Structure formats: C-alpha cells, structure tokens
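Observations on the model geometry
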Amino acid sequence: MEAMRFWLMAAAASGFLAVALGAFAAHGLQGRMSAEQAGWFATGLRYHMFHVAGLLAVALLFRSAVGSSLALTVAGWGFLLGSAVFCGLLYVMALGGARWLGAVVPLGGLAFLAGWASLFFYAFRRIGTG
C-alpha cells in the first residue's frame, strides 16, 4: 500500500502542477509569447496531463500488485522523469530559455517510452501468469 500511496500522491501533485501551469499560461502569459512558444507550452501541458493519467494507472495497479513490482516502479519513474525533462524543458523554452534545450527534450520522450513499455511488460507478464 505504501507504493500505491506514493504514486497516487505523485499523480496528484503532477496534476496540480499541470493545471496551475495551464492557468498561469492562459491568464498570465496570454499575448506575451510567440505562436511558437505558445505551441511549446501547450505541447508540454498536453503530455504532462497524459502522463498524470499514466501515474494514476500505476498507483491503481499497485493496489492489486503482489509485493513490489519493478515494472510498475519503472513505469512510474519513467512518467515522472519524462514529465520533468520533456514537459519541463518545453515550459522553460516557452518562457524564454535557450533553444538548445530542445536537443535535450527527446530524452524526456525516451523516459515516457520506457514508462509505457514497462507498463506493457507488467500487463503482459501479469496476464500471462493468470
């Protein structure tokens, strides 16, 4: 239950941050960003919220997991790390950060992919064992 609690809290905190950043962008940054910067911010928000759902799934799956599950843990950390790197750097770039950060953004995408692959592995193994 401790793992479930951790991932549920991580999902809630990440969701809170995504909504707060969305409100900040809509009300505090409107008209202050170029179309390109606004697109980066919007992409960051979209992926951020998608991965809040992934974190919720990880939390709920831990509820029925027997013991600890490495695959679920890797999935959760992949979603958190991906949100920090992929979304975080898009937010920074949108707010005027260096464009070279765009070269690092795909590393966050790789973390997202690792998270989803781990979730797939968990489901495959879990269903395969009955």
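Described in the following lines is the structure provided in the data block. (Residues numbered from 1 in each chain as written. Predicted model: local features only at pLDDT ≥ 70, side-chain atom pairs only at ≥ 80, totals over all residues. Heavy atoms only, no water.)

1. Section: the overall build of the protein chain
- Of regular secondary structure, the protein chain possesses four helices and zero strands.
- When its C-alpha atoms are laid out on the principal axes, the protein chain stretches across 55 × 25 × 20 Å.
- Counting across all 130 residues of the protein chain, residues that qualify as buried make up 39%.
- The contacts of the protein chain with a sequence gap of at least 6 include a subset with a gap of at least 24, amounting to 76%. (Helix = DSSP H or I, 4+ residues; strand = E, 2+ residues; numbered from the N terminus. Buried < 20%, exposed > 50% of the residue type's maximum accessible area, 1.4 Å probe, protein only. Contact = heavy atoms within 4.5 Å.)

2. Comments concerning the side chain of S69
- Assignment of secondary structure puts S69 in the loop between α2 (35-64) and α3 (70-94).
- Polar side-chain contacts of S69 include one of 3.3 Å to the backbone nitrogen of L72.
- For S69, the contacting residues outside a window of four places in its chain are F62, Y122 and R125. (Polar contact = N/O pair within 3.5 Å; in protein donor to acceptor, adjacent residues only side chain to side chain.)

3. Digging into the nonpolar core
- Membership of the largest hydrophobic core comes to 17 residues, with the highest contact counts inside it found for F41, F86, Y91 and V105.
- If you list the elements that add at least two residues to this core, you get α1 (2-28), α2, α3 and α4 (105-128).
- Per-element accounting of this core gives the leading share, seven residues, to α3.
- When neighbours within four sequence positions are excluded, F41 is seen to be in contact with L21, A25, L29, M33, Y91, A94 and L95.
- In this structure, M4, A11, A59 and L72 belong to the second largest nonpolar core, which totals 15 residues. (Core = buried A, V, L, I, M, F, W, Y, C linked by side-chain atoms within 4.5 Å.)

4. Things to note about the packing of aromatic side chains
- Counted under the stated rule, the structure contains 10 aromatic pairs.
- Between the aromatic rings of F79 and W116, the centroid separation amounts to 4.6 Å while the plane-to-plane angle is 50°, which identifies the pairing as tilted. Taken together, the residues F79 in helix α3 and W116 in helix α4 connect sequence positions 37 residues apart.
- Judged by relative accessible area, which is 0%, F79 ranks as buried.
- You can call W116 partly exposed: its relative accessible area is 39%. (Phe/Tyr/Trp six-rings, centres within 6.5 Å; stacked < 30°, edge-to-face > 60°.)

5. Describing the packing of α1 against α3
- Following both chains from N to C, one finds α1 and α3 inclined at 15°, their axes separated by 11 Å at the closest point. The orientation of α1 with respect to α3, classified from their angle, is roughly parallel. Our pair here, α1 against α3, has a crossing hand that is left-handed. Across the interface between the two elements, F6, W7, A10 and L21 from α1 touch T73, G76, W77, L80 and Y91 from α3. (Axes fitted to C-alpha atoms, helices over the stretch in contact; angles between N-to-C directions. Parallel < 35°, antiparallel > 145°, perpendicular 65-115°, else oblique. Left-handed = near helix turned anticlockwise from the far one by under 90°.)

6. Let's talk about a nonpolar patch on the surface
- Nonpolar side chains collect at one region of the surface, where L107, L110 and L113 lie side by side and expose about 320 Å² of accessible area between them.
- By secondary structure assignment, the location of L107 is in helix α4.
- Residue L107 is classed as exposed on the basis of its relative accessible area, which comes to 52%. (Patch = residues over 30% accessible without salt bridge, like charges linked within 9 Å, V, L, I, M, F, W, Y side chains within 5 Å. Areas by Shrake-Rupley, 256 points an atom, 1.4 Å probe, with all protein chains shown as cover. Salt bridge = Lys/Arg side-chain N within 4 Å of Asp/Glu carboxyl O.)

7. Things to note about the environment of G102
- Along the chain, the position of G102 falls in the loop between α3 and α4.
- Since its relative accessible area comes to 30%, G102 is described here as partly exposed.
- As for G102 and A23, which are separated by 79 residues in sequence, their C-alpha atoms are 24 Å apart.

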